[in-house]
Amino acid sequence: MTQRSGLALAVLALAAEEPMHPYRMQQLIRERGKDQVVNVGQRSQLYKTIDRLVRDGLLVAQGTEREATRPERTVYAATDAGRELAITWTLDMLTAPRHEFAEFTAALAYLPLLGPDVAADALALRLSDRRGELDRLRRELERVRGSLPRIVLVEAEYAIAHLETDVAWIAALVDDLGSGALTWDHAELLDQARRMAGGEDTP
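One structure accompanies this document, and this report is about it. None of these values were measured; they are calculated from a predicted model. (Residues numbered from 1 in each chain as written. Predicted model: local features only at pLDDT ≥ 70, side-chain atom pairs only at ≥ 80, totals over all residues. Heavy atoms only, no water.)

1. A short note on the overall build of the chain
Moving on, step 1. The helix and strand tally for the chain stands at eight helices and two strands.
Moving on, step 2. Each helix (α) and strand (β) of the chain, taken in turn from the N terminus, gives the series α-α-α-β-β-α-α-α-α-α.
Moving on, step 3. At 23 Å, the chain has a C-alpha radius of gyration far larger than the 17 Å of a compact globule built from 203 residues.
Moving on, step 4. By principal-axis analysis of the C-alpha atoms, the chain measures approximately 70 × 45 × 35 Å.
Moving on, step 5. A burial count over the chain gives 29% of its 203 residues as buried.
Moving on, step 6. The contacts of the chain with a sequence gap of at least 6 include a subset with a gap of at least 24, amounting to 61%.
Moving on, step 7. Counting every atom, the chain has about 13500 Å² of accessible surface; 53% of that belongs to carbon and sulfur.
Moving on, step 8. In the chain, the 25 positive side-chain charges and the 32 negative ones have mean positions that sit 8 Å from each other. (Helix = DSSP H or I, 4+ residues; strand = E, 2+ residues; numbered from the N terminus. Rg over C-alpha atoms; globule rule 2.2 N^0.38 Å. Buried < 20%, exposed > 50% of the residue type's maximum accessible area, 1.4 Å probe, protein only. Contact = heavy atoms within 4.5 Å. Areas by Shrake-Rupley, 256 points an atom, 1.4 Å probe, with all protein chains shown as cover. Lys, Arg positive; Asp, Glu negative; His and termini not counted. Charge placed at Lys NZ, Arg CZ, Asp CG, Glu CD.)

2. Quick word on helix 3 (residues 43-55)
Moving on, step 1. Given a rise of 1.5 Å per residue, 13 residues ought to cover 18 Å, and the 18 Å separating the end C-alpha atoms of helix 3 matches this to within 8%.
Moving on, step 2. When we look at burial in helix 3, the residues that qualify are Leu-46, Thr-49, Ile-50 and Leu-53. Buried residues of helix 3, viewed axially, fall in a sector of 100 degrees; they line one side.
Moving on, step 3. Buried residues in helix 3 make contact with helix 1 (6-17), helix 2 (22-31), strand 1 (59-65), strand 2 (73-78) and helix 4 (80-95). (Expected span 1.5 Å × (residues − 1). Arc of directions from axis to C-beta.)

3. Brief notes about the pattern of salt bridges
Moving on, step 1. The full count for this structure, using the stated rule, is 13 salt bridges.
Moving on, step 2. The salt bridge involving Glu-157 is made with Arg-150; its shortest N-O contact spans 2.9 Å.
Moving on, step 3. According to the relative accessible area criterion, Glu-157 is partly exposed, its value standing at 22%.
Moving on, step 4. Accessibility expressed as a relative area gives 59% for Arg-150, which makes it exposed.
Moving on, step 5. Residue Arg-195 is joined to Asp-191 by a salt bridge in which the shortest nitrogen-to-oxygen separation is 2.2 Å. With a gap of four residues between them, Arg-195 and Asp-191 both fall in helix 8 (residues 186-197), about one helical turn apart.
Moving on, step 6. Assessed through its relative accessible area of 18%, Arg-195 is described here as buried.
Moving on, step 7. Within this structure, Glu-142, Arg-145, Arg-150 and Glu-157 form a network of salt bridges that share partners. (Salt bridge = Lys/Arg side-chain N within 4 Å of Asp/Glu carboxyl O.)

4. Digging into the side chain of Arg-73
Moving on, step 1. Among the secondary structure elements, Arg-73 is positioned in strand 2.
Moving on, step 2. With sequence-adjacent residues up to four places away left out, Arg-73 is seen in contact with His-21, Tyr-23, Gly-63, Thr-64, Glu-65 and Glu-67.

Structure, rendered in structure tokens:
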């Protein structure tokens, strides 16, 4: 069975909305701002996802369309099984979180590879980026809030709430690094790790 993913869910939802070709799916995901939560940057990945959904009987080809200067495009519709699975996936994604291995969290786990000053500079750059993204999302949400129903904007609200927490936490960490409240010595940490591995008591 097709592996669950945000892109596969988006394809099934769009094909259940009305039969359409992959290029139109990609267009709608971007036009509706869903590319903020679904990765459609590589069209090859979209086609691979569609192929898997067709293979598993969740999508079916419904003929072709041709525009004036463009080649024929296959139009896909969701099957009954595809519609049901889209609902199941949505419920599962809401109720049963899947553990994800985020790169930022991995970098934090190995922060001692850097010196405190280097880490502070790197985190300050991330903080600036996250603040910029937060400002952009807030502006985007305010721009469309009056013209679109809230139900199609809830993922943007969640992204903003997540970014607000992210920005506040990183800012506090940068402050602690700058003040010396958080510091470390890599050699001392390695020595401590060796003692712990050898079962020795730590000071």
